[in-house]
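Tertiary structure, described
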Amino acid sequence: MKSNQELHKNIVKIMEQKNITQAKLARELKVSRSDVSLLLKSLSQGKSITTSKLFSIASVLNIDFNMITEN
């Protein structure tokens, strides 16, 4: 599995490719935009994220979970 900083980069890259904003991701996850911002900031600083949250993000981005987690 990738480091948390790599997970952050990958999620942001996929969001950009799919033209999905933090606000849209937040709406789909049923959380606030600031929650998504904090989550991404925490990942960029190497902090952890639950597998469940990664699965939720992958689902919203309409991608396979492995696209986020594998090299």
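Rules behind the numbers
- Residues numbered from 1 in each chain as written.
- Predicted model: local features only at pLDDT ≥ 70, side-chain atom pairs only at ≥ 80, totals over all residues.
- Heavy atoms only, no water.
- Axes fitted to C-alpha atoms, helices over the stretch in contact; angles between N-to-C directions.
- Helix = DSSP H or I, 4+ residues; strand = E, 2+ residues; numbered from the N terminus.
- Parallel < 35°, antiparallel > 145°, perpendicular 65-115°, else oblique.
- Left-handed = near helix turned anticlockwise from the far one by under 90°.
- Contact = heavy atoms within 4.5 Å.
- Nonpolar A, V, L, I, M, F, W, Y, C, P; charged D, E, K, R; others polar.
- pLDDT = per-residue confidence, 0-100.

Look at helix 2 (residues 22-29) against helix 4 (residues 51-60): their axes get within 10 Å of each other, and the N-to-C directions meet at 110 degrees. Here helix 2 lies roughly perpendicular to helix 4, going by the angle between them. As for the relative orientation of helix 2 and helix 4, their crossing is right-handed in sense. Residues Leu-25, Glu-28 and Leu-29 of helix 2 form the contact with helix 4, whose participating residues are Ser-56, Ile-57 and Val-60. The class makeup of the residues in the contact of helix 2 with helix 4 is four nonpolar, one polar and one charged.

Moving on, we come to the packing of helix 2 against helix 3 (residues 33-44). When two helices pack together, you describe them by how their axes are tilted relative to each other and by the distance separating the axes. The geometry of helix 2 relative to helix 3 is characterised by a closest axis approach of 8 Å and an angle of 110 degrees between their N-to-C directions. When the interaxial angle is binned, helix 2 and helix 3 end up roughly perpendicular. The residues of helix 3 that touch helix 2, namely those facing Gln-22, Ala-23, Leu-25, Ala-26 and Leu-29, are Arg-33, Val-36, Ser-37 and Leu-40. Among the residues making up the contact of helix 2 with helix 3, the classes are represented as six nonpolar, two polar and one charged.

A few words on the confidence of the model for the chain. Averaged over the chain, the pLDDT score is 92; the fraction of residues at 70 or greater is 97%. Across the chain, element-level confidence peaks in helix 2 with a mean pLDDT of 97 and bottoms out in helix 5 (residues 65-69) with 87.

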